[in-house]
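Report on the structure
Each chain, written out:
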Amino acid sequence: MSEPKKVVVIGSANADLVVALNRRPGPGETVMGADLVVSPGGKGANQAVAAGMLGAPVVFLGAVGEDEHGELLLGSLRGAGVDVAHVARPDRPTGNAYIMVTPDGENSIVVSPGANSAVAEADVDAARGVLAEAAVMVLSLEIPLSTVAHAVASAAELGVRPVLNLSPTAELPDEVLAALDPLVVNEHEAAWLLGAEGSPEDLATRLLDVGPRSVVVTIGAKGAVVADRAGVHTVPSPQVKPVDTTGAGDAFTGALAGRLAAGEDLVEAARFAVRVAATSVTRHGAQPSYPRADEVIG
Ligand code: ATP
(Lines give C-alpha, C1' and ligand atoms only; values in the text may rest on other atoms or scores of the structure.)
Protein backbone atom coordinates (compact mmCIF):
# COMPACT_ATOMS: atom_id res chain seq x y z
CA MET A 1 0.00 0.00 0.00
CA SER A 2 1.31 3.49 -0.77
CA GLU A 3 2.05 5.91 2.08
CA PRO A 4 -0.91 8.18 2.97
CA LYS A 5 -0.46 11.66 1.54
CA LYS A 6 0.76 14.29 3.97
CA VAL A 7 -0.73 17.55 5.18
CA VAL A 8 1.79 20.36 5.67
CA VAL A 9 0.57 23.17 7.92
CA ILE A 10 2.54 26.41 7.69
CA GLY A 11 1.45 28.84 10.36
CA SER A 12 1.48 30.21 13.87
CA ALA A 13 1.88 28.62 17.27
CA ASN A 14 0.80 30.64 20.31
CA ALA A 15 0.41 29.99 24.00
CA ASP A 16 -3.17 30.98 24.84
CA LEU A 17 -3.21 32.87 28.17
CA VAL A 18 -6.86 32.84 29.18
CA VAL A 19 -8.45 34.83 32.04
CA ALA A 20 -12.17 34.72 32.74
CA LEU A 21 -13.61 38.02 34.05
CA ASN A 22 -17.00 39.53 34.73
CA ARG A 23 -16.52 42.45 32.34
CA ARG A 24 -13.63 43.68 30.22
CA PRO A 25 -11.71 46.72 31.50
CA GLY A 26 -12.23 50.14 29.95
CA PRO A 27 -9.31 52.46 29.11
CA GLY A 28 -7.09 53.03 32.17
CA GLU A 29 -9.11 50.56 34.28
CA THR A 30 -7.99 47.42 36.14
CA VAL A 31 -10.41 44.56 36.80
CA MET A 32 -9.77 41.32 38.68
CA GLY A 33 -10.11 38.01 36.85
CA ALA A 34 -10.06 34.29 37.65
CA ASP A 35 -6.92 32.10 37.67
CA LEU A 36 -4.81 32.15 34.51
CA VAL A 37 -5.24 29.13 32.23
CA VAL A 38 -2.39 28.51 29.79
CA SER A 39 -3.02 26.22 26.84
CA PRO A 40 -1.48 25.50 23.44
CA GLY A 41 -3.03 27.45 20.56
CA GLY A 42 -2.26 29.58 17.51
CA LYS A 43 -4.08 28.96 14.24
CA GLY A 44 -1.38 26.89 12.55
CA ALA A 45 -0.62 24.67 15.54
CA ASN A 46 -4.36 24.23 16.15
CA GLN A 47 -4.97 23.11 12.57
CA ALA A 48 -2.00 20.72 12.71
CA VAL A 49 -3.13 19.20 16.01
CA ALA A 50 -6.73 18.86 14.77
CA ALA A 51 -5.62 16.96 11.65
CA GLY A 52 -3.03 14.91 13.57
CA MET A 53 -5.50 13.83 16.29
CA LEU A 54 -7.72 12.43 13.54
CA GLY A 55 -4.87 10.28 12.24
CA ALA A 56 -3.67 12.30 9.25
CA PRO A 57 0.11 12.39 8.63
CA VAL A 58 0.93 16.04 9.40
CA VAL A 59 4.07 18.17 9.26
CA PHE A 60 3.99 21.54 11.04
CA LEU A 61 6.26 24.31 9.76
CA GLY A 62 6.46 27.24 12.15
CA ALA A 63 8.53 28.77 14.94
CA VAL A 64 8.47 28.84 18.74
CA GLY A 65 10.90 30.38 21.22
CA GLU A 66 13.38 28.54 23.46
CA ASP A 67 11.02 28.96 26.41
CA GLU A 68 8.37 27.19 28.46
CA HIS A 69 5.57 28.11 26.05
CA GLY A 70 7.59 26.74 23.16
CA GLU A 71 7.91 23.40 24.98
CA LEU A 72 4.15 23.41 25.72
CA LEU A 73 3.38 23.82 22.01
CA LEU A 74 5.89 21.22 20.84
CA GLY A 75 4.50 18.78 23.42
CA SER A 76 0.96 19.26 22.15
CA LEU A 77 1.98 18.89 18.50
CA ARG A 78 3.99 15.75 19.25
CA GLY A 79 1.12 14.38 21.34
CA ALA A 80 -1.11 14.59 18.25
CA GLY A 81 1.52 12.74 16.20
CA VAL A 82 2.59 15.85 14.27
CA ASP A 83 6.11 15.95 12.79
CA VAL A 84 7.86 18.99 14.33
CA ALA A 85 11.24 18.63 12.60
CA HIS A 86 10.54 21.89 10.70
CA VAL A 87 9.71 24.02 13.74
CA ALA A 88 12.41 26.73 14.08
CA ARG A 89 13.55 28.03 17.49
CA PRO A 90 14.51 31.68 16.81
CA ASP A 91 15.78 34.04 19.51
CA ARG A 92 12.30 35.47 20.07
CA PRO A 93 9.64 34.66 22.67
CA THR A 94 6.97 32.15 21.68
CA GLY A 95 3.86 33.88 20.35
CA ASN A 96 1.19 34.61 22.95
CA ALA A 97 -2.54 35.27 22.74
CA TYR A 98 -3.94 37.16 25.73
CA ILE A 99 -7.58 36.13 25.88
CA MET A 100 -10.21 37.75 28.11
CA VAL A 101 -13.41 35.71 28.37
CA THR A 102 -16.57 37.36 29.73
CA PRO A 103 -19.76 35.62 30.92
CA ASP A 104 -21.55 36.48 27.64
CA GLY A 105 -19.07 34.05 25.98
CA GLU A 106 -17.40 36.85 23.99
CA ASN A 107 -13.59 36.79 23.77
CA SER A 108 -11.32 39.84 23.52
CA ILE A 109 -7.89 38.84 22.26
CA VAL A 110 -4.49 40.51 21.93
CA VAL A 111 -1.85 38.53 19.98
CA SER A 112 1.88 39.11 20.46
CA PRO A 113 3.33 37.20 17.50
CA GLY A 114 6.92 36.80 18.78
CA ALA A 115 8.61 33.85 17.05
CA ASN A 116 5.76 33.62 14.50
CA SER A 117 7.10 36.81 12.89
CA ALA A 118 10.31 34.92 12.10
CA VAL A 119 8.65 32.26 9.89
CA ALA A 120 10.29 33.24 6.61
CA GLU A 121 10.40 32.34 2.94
CA ALA A 122 13.77 30.61 3.53
CA ASP A 123 12.06 28.22 5.98
CA VAL A 124 9.59 27.25 3.26
CA ASP A 125 12.48 26.67 0.83
CA ALA A 126 14.35 24.57 3.42
CA ALA A 127 11.29 22.31 3.67
CA ARG A 128 10.80 21.93 -0.08
CA GLY A 129 11.50 18.19 0.04
CA VAL A 130 8.70 17.75 2.59
CA LEU A 131 6.32 19.98 0.63
CA ALA A 132 6.92 17.87 -2.47
CA GLU A 133 5.58 14.81 -0.57
CA ALA A 134 2.42 16.59 0.60
CA ALA A 135 -1.05 16.49 -0.91
CA VAL A 136 -2.37 19.54 0.94
CA MET A 137 -0.82 22.71 2.39
CA VAL A 138 -2.73 24.62 5.08
CA LEU A 139 -2.13 28.34 5.65
CA SER A 140 -3.50 31.13 7.82
CA LEU A 141 -2.39 34.70 8.38
CA GLU A 142 -0.74 34.90 11.81
CA ILE A 143 2.68 34.62 10.10
CA PRO A 144 4.14 37.17 7.62
CA LEU A 145 2.05 37.56 4.46
CA SER A 146 5.21 37.40 2.30
CA THR A 147 5.86 33.88 3.70
CA VAL A 148 2.28 32.82 2.97
CA ALA A 149 2.50 34.14 -0.60
CA HIS A 150 5.79 32.32 -1.16
CA ALA A 151 4.36 29.10 0.29
CA VAL A 152 1.33 29.26 -2.02
CA ALA A 153 3.61 29.84 -5.03
CA SER A 154 5.72 26.83 -3.95
CA ALA A 155 2.55 24.74 -3.59
CA ALA A 156 1.56 25.64 -7.16
CA GLU A 157 5.02 24.62 -8.45
CA LEU A 158 4.96 21.31 -6.59
CA GLY A 159 1.35 20.37 -7.32
CA VAL A 160 0.26 20.68 -3.66
CA ARG A 161 -3.32 21.79 -2.95
CA PRO A 162 -3.32 25.06 -0.93
CA VAL A 163 -6.06 25.57 1.68
CA LEU A 164 -6.05 29.02 3.28
CA ASN A 165 -8.03 30.33 6.22
CA LEU A 166 -8.24 34.12 5.85
CA SER A 167 -7.77 34.83 9.53
CA PRO A 168 -6.90 37.43 10.65
CA THR A 169 -8.19 39.24 7.56
CA ALA A 170 -5.64 40.71 5.13
CA GLU A 171 -5.56 41.68 1.46
CA LEU A 172 -4.17 38.77 -0.55
CA PRO A 173 -2.32 39.21 -3.85
CA ASP A 174 -4.54 38.10 -6.78
CA GLU A 175 -2.26 35.20 -7.71
CA VAL A 176 -2.45 33.83 -4.15
CA LEU A 177 -6.24 34.09 -4.09
CA ALA A 178 -6.51 32.40 -7.48
CA ALA A 179 -4.58 29.31 -6.30
CA LEU A 180 -6.68 28.57 -3.20
CA ASP A 181 -8.68 25.36 -3.18
CA PRO A 182 -10.46 26.21 -0.95
CA LEU A 183 -10.39 29.66 0.62
CA VAL A 184 -11.92 29.11 4.09
CA VAL A 185 -13.63 32.06 5.78
CA ASN A 186 -16.26 32.66 8.43
CA GLU A 187 -19.17 34.98 7.66
CA HIS A 188 -17.40 38.09 9.02
CA GLU A 189 -14.27 37.41 6.97
CA ALA A 190 -16.39 36.77 3.86
CA ALA A 191 -18.25 40.05 4.31
CA TRP A 192 -14.95 41.88 4.91
CA LEU A 193 -13.44 40.47 1.74
CA LEU A 194 -16.47 41.34 -0.37
CA GLY A 195 -17.23 44.65 1.34
CA ALA A 196 -20.87 43.54 1.50
CA GLU A 197 -23.22 41.39 3.58
CA GLY A 198 -25.41 38.57 2.28
CA SER A 199 -26.65 35.07 2.98
CA PRO A 200 -23.87 32.48 3.42
CA GLU A 201 -24.76 30.92 0.04
CA ASP A 202 -24.67 34.34 -1.57
CA LEU A 203 -21.33 35.19 0.07
CA ALA A 204 -19.80 31.88 -1.04
CA THR A 205 -20.97 32.32 -4.63
CA ARG A 206 -19.70 35.88 -4.83
CA LEU A 207 -16.36 34.92 -3.27
CA LEU A 208 -15.87 32.37 -6.01
CA ASP A 209 -16.02 35.27 -8.50
CA VAL A 210 -13.18 37.00 -6.61
CA GLY A 211 -10.79 34.27 -7.78
CA PRO A 212 -10.29 31.14 -5.66
CA ARG A 213 -10.88 27.67 -7.14
CA SER A 214 -13.27 26.87 -4.32
CA VAL A 215 -14.70 28.52 -1.21
CA VAL A 216 -15.91 27.37 2.19
CA VAL A 217 -17.88 29.79 4.36
CA THR A 218 -18.25 28.50 7.92
CA ILE A 219 -21.47 29.55 9.63
CA GLY A 220 -21.01 28.59 13.29
CA ALA A 221 -23.76 26.34 14.70
CA LYS A 222 -25.36 26.15 11.25
CA GLY A 223 -22.35 24.37 9.66
CA ALA A 224 -20.75 25.48 6.41
CA VAL A 225 -21.41 26.40 2.78
CA VAL A 226 -19.15 24.97 0.08
CA ALA A 227 -18.94 26.55 -3.38
CA ASP A 228 -16.97 25.47 -6.41
CA ARG A 229 -17.52 25.46 -10.17
CA ALA A 230 -19.82 22.42 -9.73
CA GLY A 231 -22.24 24.34 -7.50
CA VAL A 232 -23.09 25.46 -3.98
CA HIS A 233 -23.77 23.00 -1.14
CA THR A 234 -24.96 23.75 2.37
CA VAL A 235 -23.44 21.32 4.88
CA PRO A 236 -25.44 21.38 8.12
CA SER A 237 -23.80 20.90 11.52
CA PRO A 238 -24.93 18.36 14.09
CA GLN A 239 -26.75 20.18 16.91
CA VAL A 240 -24.69 20.31 20.10
CA LYS A 241 -24.64 22.23 23.38
CA PRO A 242 -21.54 24.43 22.99
CA VAL A 243 -19.37 25.10 26.05
CA ASP A 244 -16.42 26.85 24.34
CA THR A 245 -16.07 27.64 20.64
CA THR A 246 -12.38 28.67 20.87
CA GLY A 247 -10.50 27.13 17.96
CA ALA A 248 -13.62 25.67 16.29
CA GLY A 249 -12.67 27.21 12.95
CA ASP A 250 -9.18 25.66 13.16
CA ALA A 251 -10.67 22.25 14.04
CA PHE A 252 -12.80 22.58 10.92
CA THR A 253 -9.88 23.54 8.66
CA GLY A 254 -7.54 20.86 10.06
CA ALA A 255 -10.15 18.13 9.65
CA LEU A 256 -11.02 19.35 6.16
CA ALA A 257 -7.37 19.29 5.09
CA GLY A 258 -6.87 15.75 6.42
CA ARG A 259 -9.81 14.44 4.44
CA LEU A 260 -8.80 16.30 1.26
CA ALA A 261 -5.31 14.78 1.55
CA ALA A 262 -6.92 11.35 1.89
CA GLY A 263 -8.67 11.92 -1.44
CA GLU A 264 -12.20 12.97 -0.45
CA ASP A 265 -13.96 15.66 -2.44
CA LEU A 266 -14.59 19.06 -0.87
CA VAL A 267 -18.24 18.47 0.10
CA GLU A 268 -17.49 15.07 1.69
CA ALA A 269 -14.53 16.58 3.55
CA ALA A 270 -16.71 19.47 4.79
CA ARG A 271 -19.35 16.99 6.05
CA PHE A 272 -16.67 15.41 8.23
CA ALA A 273 -15.16 18.78 9.26
CA VAL A 274 -18.46 20.12 10.67
CA ARG A 275 -18.76 16.98 12.83
CA VAL A 276 -15.21 17.46 14.13
CA ALA A 277 -15.73 21.18 14.82
CA ALA A 278 -19.08 20.51 16.53
CA THR A 279 -17.36 17.95 18.77
CA SER A 280 -14.69 20.51 19.64
CA VAL A 281 -17.22 23.11 20.84
CA THR A 282 -18.58 20.66 23.43
CA ARG A 283 -15.19 20.77 25.23
CA HIS A 284 -13.02 23.53 26.69
CA GLY A 285 -9.97 25.09 25.04
CA ALA A 286 -8.65 24.97 21.49
CA GLN A 287 -6.23 22.04 21.06
CA PRO A 288 -7.40 20.22 24.21
CA SER A 289 -10.92 20.14 22.71
CA TYR A 290 -9.97 18.34 19.49
CA PRO A 291 -11.28 14.79 19.11
CA ARG A 292 -9.68 11.56 17.98
CA ALA A 293 -11.45 9.93 15.03
CA ASP A 294 -13.42 7.58 17.31
CA GLU A 295 -14.70 10.52 19.40
CA VAL A 296 -16.22 12.52 16.53
CA ILE A 297 -19.97 12.96 17.00
CA GLY A 298 -22.73 12.68 14.41
P1 ATP B 1 -13.71 30.35 15.90
O2 ATP B 1 -13.24 31.77 15.76
O3 ATP B 1 -14.65 30.11 17.06
O4 ATP B 1 -12.61 29.35 15.85
P5 ATP B 1 -14.82 30.89 13.35
O6 ATP B 1 -15.44 32.20 13.68
O7 ATP B 1 -13.59 30.90 12.52
O8 ATP B 1 -14.60 30.02 14.62
P9 ATP B 1 -17.36 29.56 12.88
O10 ATP B 1 -18.11 29.61 11.61
O11 ATP B 1 -17.94 30.28 14.05
O12 ATP B 1 -15.87 30.01 12.54
O13 ATP B 1 -17.15 28.04 13.32
C14 ATP B 1 -16.37 27.14 12.56
C15 ATP B 1 -17.04 25.79 12.54
O16 ATP B 1 -17.15 25.31 13.88
C17 ATP B 1 -18.46 25.78 11.99
O18 ATP B 1 -18.46 25.58 10.59
C19 ATP B 1 -19.07 24.61 12.72
O20 ATP B 1 -18.73 23.42 12.06
C21 ATP B 1 -18.35 24.63 14.07
N22 ATP B 1 -19.14 25.34 15.09
C23 ATP B 1 -18.95 26.59 15.58
N24 ATP B 1 -19.87 26.90 16.52
C25 ATP B 1 -20.68 25.82 16.64
C26 ATP B 1 -21.81 25.48 17.43
N27 ATP B 1 -22.33 26.35 18.30
N28 ATP B 1 -22.37 24.26 17.26
C29 ATP B 1 -21.86 23.36 16.38
N30 ATP B 1 -20.79 23.62 15.61
C31 ATP B 1 -20.20 24.81 15.73
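Quick caveat, the model's predicted, so the values are computed rather than measured.

**Here's the deal with the UniProt feature "domain: Carbohydrate kinase PfkB" (unreviewed entry) in the protein chain**
Taking the UniProt record as the reference, the feature "domain: Carbohydrate kinase PfkB" (unreviewed entry) is found at residues 5–291. Counted over residues 5–291, helix gives 36% and strand 25%. Its end C-alpha atoms are 21 Å apart.

**Regarding the sheet that holds strand β1 (residues 6–10)**
Two orientations exist for strands paired in a sheet by backbone hydrogen bonds: parallel and antiparallel. Spatial ordering of the open sheet is given by β5-β4-β1-β8-β9-β10-β11-β12-β13, a layout of nine strands whose pairing is mixed. Two strands bound the open sheet, and with one partner strand each, they are β5 (87–88) and β13 (231–236). Looking at chain direction, strand β8 (residues 134–140) and strand β9 (residues 161–165) are connected through five bridges and run parallel. Within the sheet, the bridge partner assigned to Met 137 lies in β9 and is Pro 162.

**Focus on a nonpolar patch on the surface**
Taken together, the side chains of Leu 36, Val 38 and Leu 72 present a nonpolar region at the surface, about 230 Å² in accessible area. Residue placement: Val 38 occurs in strand β3 (residues 37–41).

**A closer look at the packing of helix α9 (residues 248–261) against helix α10 (residues 266–280)**
Where α9 contacts α10, the axes come no closer than 8 Å and their chain directions differ by 145°. Here α9 and α10 pass one another in a crossing that is right-handed. Along the contact surface, α9 presents Ala 248, Ala 251, Phe 252, Ala 255, Leu 256, Arg 259 and Leu 260, while α10 presents Leu 266, Ala 269, Ala 270, Phe 272, Ala 273, Val 274, Val 276, Ala 277 and Ser 280. Grouping the constituent residues of the contact of α9 with α10 by class yields 14 nonpolar, one polar and one charged.

**Overview of the confidence of the model for the protein chain**
Mean pLDDT over the protein chain: 96, with 99% of residues reaching 70 or higher. The complex prediction reports pTM at 0.96, with the ipTM value standing at 0.98.

**Regarding the site of the ligand**
Near the ligand you find 18 residues, and of these Thr 218, Gly 220, Gly 223, Thr 245 and Gly 249 are the closest. Within the side chain of Thr 218, one N or O atom sits 2.8 Å away from an oxygen atom of the ligand. Between Gly 220 and the ligand, the recorded distance is 2.8 Å, taken from a backbone N or O atom to an oxygen atom. Protein chains bury 81% of the 620 Å² of accessible surface belonging to the ligand in isolation. Counting only elements with at least two residues in the shell around the ligand, the list comes to α9 and α10. In the shell around the ligand, the residues fall into 10 nonpolar, eight polar and no charged.

**A look at the pattern of salt bridges**
Going through the model one piece at a time under the given rule, you end up with 12 salt bridges. The salt bridge partner of Arg 89 is Glu 66, with a shortest N-O separation of 3.9 Å. Of this pair, Arg 89 sits in the loop between β5 and β6 (95–101) while Glu 66 sits in the loop between β4 (58–63) and α2 (68–79), and the two are 23 residues apart along the sequence. Note on Glu 66: relative accessible area 61%, which makes it exposed. What you see here is one network of salt bridges that share partners, running through Arg 283, Arg 292, Asp 294 and Glu 295.

Reading the values: rules and limits
- Residues numbered from 1 in each chain as written.
- Predicted model: local features only at pLDDT ≥ 70, side-chain atom pairs only at ≥ 80, totals over all residues.
- Heavy atoms only, no water.
- UniProt positions renumbered as here; feature names shortened; annotations may be inferred.
- Helix = DSSP H or I, 4+ residues; strand = E, 2+ residues; numbered from the N terminus.
- Pairing = 2+ DSSP bridges.
- Patch = residues over 30% accessible without salt bridge, like charges linked within 9 Å, V, L, I, M, F, W, Y side chains within 5 Å.
- Areas by Shrake-Rupley, 256 points an atom, 1.4 Å probe, with all protein chains shown as cover.
- Salt bridge = Lys/Arg side-chain N within 4 Å of Asp/Glu carboxyl O.
- Axes fitted to C-alpha atoms, helices over the stretch in contact; angles between N-to-C directions.
- Left-handed = near helix turned anticlockwise from the far one by under 90°.
- Contact = heavy atoms within 4.5 Å.
- Nonpolar A, V, L, I, M, F, W, Y, C, P; charged D, E, K, R; others polar.
- pLDDT = per-residue confidence, 0-100.
- Near = heavy atom within 4 Å.
- Polar contact = N/O pair within 3.5 Å; in protein donor to acceptor, adjacent residues only side chain to side chain.
- Buried < 20%, exposed > 50% of the residue type's maximum accessible area, 1.4 Å probe, protein only.

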